[in-house]
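The primary structure of each chain is shown beneath.
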Number of protein chains: 4
Amino acid sequence: MKFFVQHPYKERIELNIGAITQIVGQNNELKYYTWQILNWYFGGKKYSSEDLSIFDYEEPTILDEVGEIVKRNSYHYIDISSFKDLLEQIEYKKGTLAHAYLRKIVDIVAHLERINEQVELIEETMNRHINLNCGQVEYHLENRPLTLDQLLTKNFSPFFTIDNMNLSFEWVSNTDKLSLFLEMLDGLLSQTTEKYLIVLKYIDSFVSEESYTIFYKQICQLVKKYPNLTFILFPSDQGYLKIDEENSKFVNILSDQVEHLYDVEFMYESVAKHYPSNNFPTREDFRISLETVTPYLLTKMLRQPSLSLVDSVVLNILNQLFHFNYRIRYPQTSDEKLLQKFLESKN
Amino acid sequence: MKFFVQHPYKERIELNIGAITQIVGQNNELKYYTWQILNWYFGGKKYSSEDLSIFDYEEPTILDEVGEIVKRNSYHYIDISSFKDLLEQIEYKKGTLAHAYLRKIVDIVAHLERINEQVELIEETMNRHINLNCGQVEYHLENRPLTLDQLLTKNFSPFFTIDNMNLSFEWVSNTDKLSLFLEMLDGLLSQTTEKYLIVLKYIDSFVSEESYTIFYKQICQLVKKYPNLTFILFPSDQGYLKIDEENSKFVNILSDQVEHLYDVEFMYESVAKHYPSNNFPTREDFRISLETVTPYLLTKMLRQPSLSLVDSVVLNILNQLFHFNYRIRYPQTSDEKLLQKFLESKN
Amino acid sequence: MKFFVQHPYKERIELNIGAITQIVGQNNELKYYTWQILNWYFGGKKYSSEDLSIFDYEEPTILDEVGEIVKRNSYHYIDISSFKDLLEQIEYKKGTLAHAYLRKIVDIVAHLERINEQVELIEETMNRHINLNCGQVEYHLENRPLTLDQLLTKNFSPFFTIDNMNLSFEWVSNTDKLSLFLEMLDGLLSQTTEKYLIVLKYIDSFVSEESYTIFYKQICQLVKKYPNLTFILFPSDQGYLKIDEENSKFVNILSDQVEHLYDVEFMYESVAKHYPSNNFPTREDFRISLETVTPYLLTKMLRQPSLSLVDSVVLNILNQLFHFNYRIRYPQTSDEKLLQKFLESKN
Amino acid sequence: MKFFVQHPYKERIELNIGAITQIVGQNNELKYYTWQILNWYFGGKKYSSEDLSIFDYEEPTILDEVGEIVKRNSYHYIDISSFKDLLEQIEYKKGTLAHAYLRKIVDIVAHLERINEQVELIEETMNRHINLNCGQVEYHLENRPLTLDQLLTKNFSPFFTIDNMNLSFEWVSNTDKLSLFLEMLDGLLSQTTEKYLIVLKYIDSFVSEESYTIFYKQICQLVKKYPNLTFILFPSDQGYLKIDEENSKFVNILSDQVEHLYDVEFMYESVAKHYPSNNFPTREDFRISLETVTPYLLTKMLRQPSLSLVDSVVLNILNQLFHFNYRIRYPQTSDEKLLQKFLESKN
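Residues numbered from 1 in each chain as written. Chains lettered and ligands numbered in written order. Predicted model: local features only at pLDDT ≥ 70, side-chain atom pairs only at ≥ 80, totals over all residues. Heavy atoms only, no water.

Caption draft 1: The overall build of chain A, seen in detail. Across its full length, chain A carries 12 helices and 12 strands. Taking 347 residues into account, the globule formula puts the C-alpha radius of gyration at 20 Å, and chain A, at 27 Å, lies well above it. Viewed in the frame of its principal axes, chain A has a C-alpha envelope of about 110 × 60 × 30 Å. The buried share of chain A, taken over its 347 residues, is 61%. Contacts in chain A between residues far apart in sequence, at least 24 positions, make up 67% of those at least 6 positions apart. For chain A, the exposed area adds up to about 14,800 Å²; of that, 48% sits on carbon and sulfur atoms. (Helix = DSSP H or I, 4+ residues; strand = E, 2+ residues; numbered from the N terminus. Rg over C-alpha atoms; globule rule 2.2 N^0.38 Å. Buried < 20%, exposed > 50% of the residue type's maximum accessible area, 1.4 Å probe, protein only. Contact = heavy atoms within 4.5 Å. Areas by Shrake-Rupley, 256 points an atom, 1.4 Å probe, with all protein chains shown as cover.)

Now the structure itself:
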């Protein structure tokens, strides 16, 4: 699937959307713009005239491959740009994940019915007591049954405990916060076929690489389990981009050019063809190299990233494959042997 | 019991307070002032500096016979000056009669308990479903049990129906509105020994004399039934003052002088002594005459009320008994016989 | 002019409306109903289904002589049923008399313009200081000029002072409160030709007869001065009805029958014809008698009002003129001479 | 200056604080914790019992070198973690930078005085018109002068224009948003000697490296100009850490160990001593190398960063200097010459 995201003066930004889409690249402003539009579009933003002025006062659209408008309510939309956003989703306010999650747990309905039976009995009791006989007019009470929403928002609060001590959500480790979010999402999706779109922006800055790797595996399992679930990730740090055979096509690069990656296998073979030596990395080493260099693709950098020799070569060949005419240079030193020996030596 | 109500520059206003106190007299401003202070005092008004300026910035007080301050929270206080006030008391907002009334109906508690059992079961169900295992931290929901207040204010509404049609409180006849109010009061007081003070101002303007008479009988029965119930009435129209042996001492006259009536029997005998003829009215006729003339006592009127000959005489003698030196004159006519014959003739 | 006020099951209530209309009579419930409808109708009430149920869910109407609907926005409408209402009108909230009054004082506009010149200068100063040069985008402030409403409601408060001491509106004498209201009304109407309808209900219970008489004279002068001003009064106590040649036709009696009075002169002559003696009251005495007996017309009373002999006769003849078949009886006594002598004697 | 930030179960986190402090390192959770505490501490958070439970219900503290508690109100505190935060600071709500900024522009006071002169004139005009003479009581209006706060929040709005078209803050480029923020800060600080602490978290993810470099230079100039200004930066991506002779000591590394860097010159010489060859990088190359490797210091990584040979060596030597016993390995390849030749070749 494609999203063609409207831009005020550029061509529409083409995003290749899969179950898990990742958006990287050195054009931070364009990534931010893309996030902003996704957020407003699927988040149901009511536009002001200032919001629309750059679009000639027409609401911006997102189109699909065949040029149809993607409906703004195509998805239940959740944006997580900070842990404040996550906290909001965990609380039981209307419109949050936690609220939707609890609503779907079917067994509550029976309890609710029993509650409202009591409410009706109270009505009867009250009306029996009031027993007012004022002329023609009859006075009585009528009950409004309790609703699930009313109960959830007023009568239940989430708590986090450690050793029987309640603690603030802020003190739960970020890794645990993400787990909780995914677990709720899992619970909710087990009860619904409605479509959910989750956008996570730079959330990886807040957890260790190890935790993020676990998190990423969890979302991979989730999207396999639930075809109605879609993630769009904006990874932040070097090293957090995840590339495998399945999702590589949904890695979108927003740099000087906007492209998405090809299949890993295809890229492996293409790069191998141009590789200057026969000692081409293994498939796994190539995949890791891809994860490292993709954020630097398609961009002319003021300051070159510090990369290993192999990664530098792979980066240059990939740019070439995308017909992007730019090469990073590699600082030649005469003392490589000494340096390498140093690195290999034990402490 | 006495209330000595502070006044900014006059002596304290002495009110003789019984189970049913009535306040009449031609000094409308003083009656209004008295009502205002009662209302602020027992209604728990938080005074501003402007409120207190006329009292040298000290809160006004009401004293009892022995000079002790009557506590502002001596009574649950309800002021009814208009049917808007009555409507407020009938609705289920906190602090209203209806709210207190429903709260006291004991059988609700059992229902509420059963509701909260269900709420706890929901909590259990939810926590079983959530079953989150994120590191050391345990995540769970805690319920806040529903309270009676929450249920009453959110889940019950009063309705008035006539022929199965709901209608606004405004369309209920004023007589029925008052009945409803008294019936609620009755219900509430059957469950509590806390003291209630009800002030009704000019409420008689809105019902027929017949309805008001019934209303008055009802409150007489109520105060007999509940020693913790006290009424202060400000009757408005001529004819709405109710005098009997029991309450006559609690009829306070706020005119040029502030006094309360004596026992009916004592006044009957005192007036009889000064009556110019032997044909003195019966006890019942005297009582009715008292009801008629009391509002005009102790005042020098610009314009004399139109009163029957006998009432005029009684008024003058009563003023004399209170040492109030003023007589209304009676227009003498030479044609009384003709006029009387006319009145006696059939159509 | 006539108002035909819709009633749910009776015929429309016919009110004869003049510059000053007075509504009296023993049918308190009907008077209350009439007030309620006037209040909702001209007060712009948005009806609920409960409000309309007694009218078969159609909005009630008020018709004029020719059967046309009187528009609900025909008048600026002010209802004063209590001094709380009066206080509201005196404060500067939007929609109150005081607010309208101050808005009309033309000289403020010039000051406001000068204020907004300064606001613009502040804008200029600020924008000069900000002087932001961020790429293509220009940043600046824009001012929203102060409005009269904003100034009046936020920056002015009414105060009552006595000997340089601020005091609450409640402590201003009721007589003074009414004066203030009329003075504001006068000021406002001197600046506008828009129509104002003022309904005053039982307001006379709160001031002395003397003050009420002055108040009534003031409103007579106001309606002469401003043809766009209309009063509807619901007088409460005996003695507060004001009848003169000009307004007698606009005295509406809501009792067992609904009627309005005739011209005083016509009634004088009609009553004279049926008077049982030649000693008919003077025109002025007859007028006073009319003021006394009119509230008791057209009704069968459980308990007769205490009236002088002459007033009793006039009441009976007037009922007869309205074809209302009811006579009050007069208690005959054998000792009239003695009683009268007593009344005439000095202390 | 030092901040010793309390931690629930670890030792206090030692931060070396300068005019510009940077916090990097692979321990993302610890960095997040540090930010959270700074934010709550200087942001004036009112703690709940859940917030304090992990601290044995005592408020956490930040101590300085000599063990004194750093006062929570030591600084005006501004936290910018997202552009939503930046937007808030740009709007004119109370407590924001923009509000403080505009308040300090002295020339407004004169305008405000002129406005309030007009308000007083309005008061006079009104009081002259009211001219109420009701008994003893005098009625008048009193003005409440407009305040700067009232004017700023109610009567001015910020606008962004491009080609005379207003556009939303969201559409201003992130680079321009930051410029605007700094310009306001500059304006504000030119008028005050009060201390400001600005915390910027991962803000660099949203702008190009080039823009961030300009931004960093601007804040360097600002802290030189204003000794009462302090920044704490949490840089996000590789390449955004800025190291120079002046600030290197204030680069804090939160990884497996918590340390701060030494003087650049000292590190240059220390590393040179251990460097395996004589071909040691120039001072400038070393500085760039430092910027590259510092975020990876003091941590054992699951996955090694891709670094050039020289950077890898510098990283290892630096770890050694900090007595951190860990070395990254460098993948040896037999084809280096070929790869290097490839990189040097022109397209």
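Here the narrative resumes, following the displayed structure.
Caption draft 2: Highlighting the sheet that holds strand β5 (residues 76-80) of chain D. All names here are of chain D. Strand order in the open sheet made by the 6 strands is β5-β9-β10-β3-β11-β12, with mixed pairing throughout. Lying at the two open borders of the sheet, with one neighbouring strand each, are β5 and β12 (258-260). Between one strand and the next, the sheet's axes are offset by a mean angle of 15°, whatever the strand orientation. Note that β5 and strand β9 (residues 196-201) share 5 bridges and pair parallel. Counted as the bridge partner of histidine 76 is tyrosine 196 from β9. On top of the sheet, helix α1 (residues 28-42) reaches β3 (20-24), β5, β9, β10 (229-234), β11 (251-254) and β12; it is set at about 140° to β5, its chief contact. The sheet strands contacting helix α8 (residues 209-225) are β3, β9 and β10, and the helix crosses β10 at an angle near 150°. (Pairing = 2+ DSSP bridges. Axes fitted to C-alpha atoms, helices over the stretch in contact; angles between N-to-C directions.)

Caption draft 3: Representation of the interface of chain C and chain D in the model. On the side of chain D, 55 residues touch chain C, which itself brings 55 residues to the contact. When chain C packs against chain D, close to 5,000 Å² is buried across both sides, 62% of that on carbon and sulfur atoms. Here chain C is connected to chain D by 0 salt bridges. Connecting chain C to chain D are 20 residue pairs in polar contact (both at pLDDT 80 or more). Listing elements by their share of the side of chain C that touches chain D, those giving two or more residues are α4 (97-104), α5 (107-130), β6 (138-143), α6 (148-155), β7 (156-162) and α7 (174-189) of chain C. A breakdown of the residues in the side of chain C that touches chain D according to their chemical character gives 29 nonpolar, 17 polar and 9 charged. (Buried area = accessible area lost by both parts, 1.4 Å probe. Salt bridge = Lys/Arg side-chain N within 4 Å of Asp/Glu carboxyl O. Polar contact = N/O pair within 3.5 Å; in protein donor to acceptor, adjacent residues only side chain to side chain. Nonpolar A, V, L, I, M, F, W, Y, C, P; charged D, E, K, R; others polar.)

Caption draft 4: Quick look at the relation of the copies chain D and chain A. Rotating chain D by 180° and moving it 0.1 Å along the rotation axis overlays it on chain A with an RMSD of 0.1 Å. The relationship between the two copies is best expressed as a two-fold rotation axis. A symmetric contact is evident, with 100% of the interface residues of chain D recurring at the interface of chain A. (Least-squares fit on C-alpha atoms with pLDDT ≥ 70 in both.)

Caption draft 5: View of the sheet that holds strand β8 (residues 165-167) of chain A. Spatially, the 3 strands line up as an open sheet ordered β8(A)-β7(A)-β6(B), and their pairing is antiparallel. Two strands in the sheet have a free side with no partner beyond their single neighbour: β8 of chain A together with β6 (138-143) of chain B. For this sheet the average axis-to-axis angle between neighbouring strands, irrespective of direction, equals 50°. Where strand β7 (residues 156-162) of chain A and β6 of chain B come together, 6 bridges link them in antiparallel fashion. Within β6 of chain B, the residue paired with proline 158 of chain A across the bridge is leucine 141 of chain B.

Caption draft 6: Layout of unusual backbone geometry. Its identity is not glycine, yet asparagine 164 of chain A carries a phi of approximately 60°, on the positive side. Inspection of the secondary structure assignment puts asparagine 164 of chain A in the loop between β7 and β8. With a relative accessible area of 81%, asparagine 164 of chain A lands in the exposed category. The phi dihedral of aspartate 56 of chain C is positive, around 55°, even though this residue is not glycine.

Caption draft 7: Looking closely at the nonpolar core. Among the nonpolar cores identified, the biggest contains 177 residues, and Phe3 of chain A, Phe3 of chain B, Phe231 of chain C together with Phe231 of chain D are the most heavily contacted of them. Beyond its immediate chain neighbours, meaning those up to four positions away, phenylalanine 231 of chain D contacts Gly18, Ala19, Ile20, Thr21, Leu182, Leu185, Ile198, Leu200, Ile219 and Val223 of chain D. Counting 176 residues, the second-largest nonpolar core is a separate cluster that includes Ile80, Leu102 and Tyr240 of chain A together with Phe181 of chain B. (Core = buried A, V, L, I, M, F, W, Y, C linked by side-chain atoms within 4.5 Å.)

Caption draft 8: Focus on the interface of chain D and chain A. The interface is formed by 83 residues belonging to chain D together with 83 residues belonging to chain A. Interface area, chain D with chain A, both sides summed: about 7,300 Å², of which 52% is carbon and sulfur. On the chain D side of the interface with chain A, the three residues burying the most area are Trp171, Arg303 and Leu343 of chain D, jointly 12% of the side's total. Joining chain D to chain A, the criterion identifies 2 salt bridges. Residues glutamate 291 of chain A and arginine 303 of chain D are paired through a salt bridge, measuring 2.6 Å at the closest nitrogen-oxygen approach. Linking chain D with chain A are 28 residue pairs in polar contact (both at pLDDT 80 or more), by the criterion used here.

Caption draft 9: The pattern of salt bridges, seen in detail. According to the stated counting rule, one finds 44 salt bridges over all chains in the structure shown. Two residues, glutamate 265 of chain C and arginine 283 of chain C, come together in a salt bridge whose shortest N-O distance is 2.5 Å. Note that glutamate 265 of chain C is positioned in helix α9 (residues 264-274) and arginine 283 of chain C in helix α10 (residues 283-293), a separation of 18 residues in sequence. Looking at glutamate 265 of chain C, the relative accessible area reads 28%, which means it is partly exposed. Two residues, aspartate 186 of chain D and lysine 225 of chain D, come together in a salt bridge whose shortest N-O distance is 3.0 Å. One end of the pair, aspartate 186 of chain D, is in helix α7 (residues 174-189); the other, lysine 225 of chain D, is in helix α8, with 39 residues separating them in the sequence. Taking relative accessible area as the criterion, aspartate 186 of chain D reaches 22% and is therefore assigned partly exposed. Sharing partners across several salt bridges, the network here consists of Glu284, Arg287 and Glu291 of chain A together with Arg303 of chain D.

Caption draft 10: Just a positive patch on the surface, in detail. Taken together, the side chains of Arg144 and Lys154 of chain A together with Arg144 and Lys154 of chain B present a region of like positive charge at the surface. Looking at the element boundaries, arginine 144 of chain B is found in the loop between β6 and α6 (148-155). (Patch = residues over 30% accessible without salt bridge, like charges linked within 9 Å, V, L, I, M, F, W, Y side chains within 5 Å. Lys, Arg positive; Asp, Glu negative; His and termini not counted. Charge placed at Lys NZ, Arg CZ, Asp CG, Glu CD.)

Caption draft 11: Highlighting the packing of helix α10 (residues 283-293) of chain B against helix α11 (residues 309-321) of chain B. Residues and elements named next belong to chain B. Between α10 and α11, whose axes approach to 10 Å, the crossing angle comes to 75°. Relative to α11, α10 is oriented roughly perpendicular. Judged by residue contacts, Phe286, Ser289, Leu290, Thr292 and Val293 of α10 engage Asp311, Val314, Leu315 and Leu318 from α11. For the contact of α10 with α11, the per-class residue count stands at 6 nonpolar, 2 polar and 1 charged. (Parallel < 35°, antiparallel > 145°, perpendicular 65-115°, else oblique.)

Caption draft 12: Spotlight on the arrangement of the chains. Left apart from each other, chain A and chain C have a closest C-alpha approach of 12 Å. Spatially, chain B is disjoint from chain D: no contact exists, and the shortest C-alpha separation is 12 Å.

Caption draft 13: Inspection of the relation of the copies chain C and chain D at higher detail. For these two chains of identical sequence, chain C goes onto chain D by a turn of 180° and a shift of 0.0 Å along the axis, with RMSD 0.1 Å. When the interface residues of chain C are mapped onto chain D, 100% of them are again interface residues, pointing to one common binding face.

Caption draft 14: Spatial organisation of helix α9 (residues 264-274) of chain D. Within α9 of chain D, the full set of buried residues consists of Val264, Met267, Tyr268, Ser270 and Val271 of chain D. Its buried side turned inward, α9 of chain D meets α10 (283-293) and α11 (309-321) of chain D.

Caption draft 15: Looking closely at the environment of isoleucine 130 of chain C. In this fold, isoleucine 130 of chain C is placed in helix α5. Separated by 81 residues in sequence, isoleucine 130 of chain C and serine 49 of chain C place their C-alpha atoms 56 Å apart. Filtering out sequence-adjacent residues up to four positions away, isoleucine 130 of chain C remains in contact with Tyr139 and Leu141 of chain C together with Tyr92, Tyr101 and Glu183 of chain D.

Caption draft 16: How the structure looks around the packing of aromatic side chains. All names here are of chain C. Scanning the model with the defined rule gives 96 aromatic pairs over all chains in all. Ring geometry for tyrosine 262 against phenylalanine 322: centres 5.1 Å apart, planes inclined by 15°, an arrangement best described as stacked. One end of the pair, tyrosine 262, is in the loop between β12 (258-260) and α9; the other, phenylalanine 322, is in the loop between α11 (309-321) and α12 (336-344), and 60 residues separate them in sequence. Its relative accessible area of 30% is what places tyrosine 262 among the partly exposed residues. (Phe/Tyr/Trp six-rings, centres within 6.5 Å; stacked < 30°, edge-to-face > 60°.)

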